Amino acid sequence: MHQRDRLRHGTLACDPSPDAAARKDPDFHAVPLPELLAASDVISLHAPGGSGLRLSDPEFALMKTGALLINTARGGSVDPAALLRALSSGRLAGAGLDVIAEEQAFGDEAEIFRQDAAVDPAQLRALLADHALVRLPNVLVTPHIAYNTQEAVDRIIETTLGNIEAYAAGAPRNVVTAITRAATSPGDPA
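What counts, and where the lines are drawn
Residues numbered from 1 in each chain as written. Predicted model: local features only at pLDDT ≥ 70, side-chain atom pairs only at ≥ 80, totals over all residues. Heavy atoms only, no water. Helix = DSSP H or I, 4+ residues; strand = E, 2+ residues; numbered from the N terminus. Contact = heavy atoms within 4.5 Å. Buried < 20%, exposed > 50% of the residue type's maximum accessible area, 1.4 Å probe, protein only. Polar contact = N/O pair within 3.5 Å; in protein donor to acceptor, adjacent residues only side chain to side chain. Expected span 1.5 Å × (residues − 1). Arc of directions from axis to C-beta.

Another point: the overall build of the chain. Scanning the chain for helices and strands turns up eight helices and six strands. Ordered by position from the N terminus, the helices and strands of the chain form the series α-β-α-β-α-β-α-β-α-β-α-α-β-α. For the chain, restricting intrachain contacts to residue pairs at least 6 apart in sequence, the fraction spanning at least 24 positions comes to 62%.

Residue position: Ser40 is located in the loop between helix H3 (33-39) and strand E3 (42-45). Overall, the relative accessible area of 10% leaves Ser40 in the buried class. In this structure the side chain of Ser40 is engaged in a polar contact, spanning 2.6 Å, whose partner is the backbone oxygen of Leu36. Discounting residues that sit within four places of it in the chain, Ser40 has contacts with Leu12, Lys64 and Ala67.

Our next topic: helix H8 (residues 150-168). Spanning 19 residues, H8 covers 27 Å between terminal C-alpha atoms, matching the ideal 27 Å at 1.5 Å per step. Of the positions making up H8, those classed as buried are Ala152, Gly162 and Ala166. Projected down its long axis, H8 shows its buried positions confined to an angular sector of 95 degrees, all on one face. Turned more than 90 degrees away from the buried face of H8, the exposed residues are Gln150, Ile164, Glu165 and Ala168.

Worth remembering: the numbers are spatial, not functional.
Shown next, in the form of structure tokens:
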């Protein structure tokens, strides 16, 4: 069997609401999250904000020793202190992070103290853990650019052009009628 085929056939997914195409795909093996964590060599997070996903000590304890974690979802999807413990103990061999819990404050930490509001100790703890994570040799951090693929840019262009054409034709689509702030996980950008 070709290496690519072995990888594809060994792919597990945890999606609380997979679309119809995914359910029909013979390579889509939906399993509960604990089973996915225990069986996977590489775990890649792609959950939207507000999904309720949050990996912490109990989830890391389920993972295979030496597994890799990739997070392109939301910074709040992973407890940074728990990730730091999992990496330091050897439970995880490494992590690739396109997002971190306190990325809004990261790099301009003084902003925390410029605000009139009280400083949140949990935010400071997460920020400190983020600083420790980015300095580990087995952690690769990218500047929140996972969306920046040719395919994603092409979809953005197609959607934008389609929106302009629909508006010009008098049938606007993808119209924003109200802006509401959805509940986010701690550390998620608003």
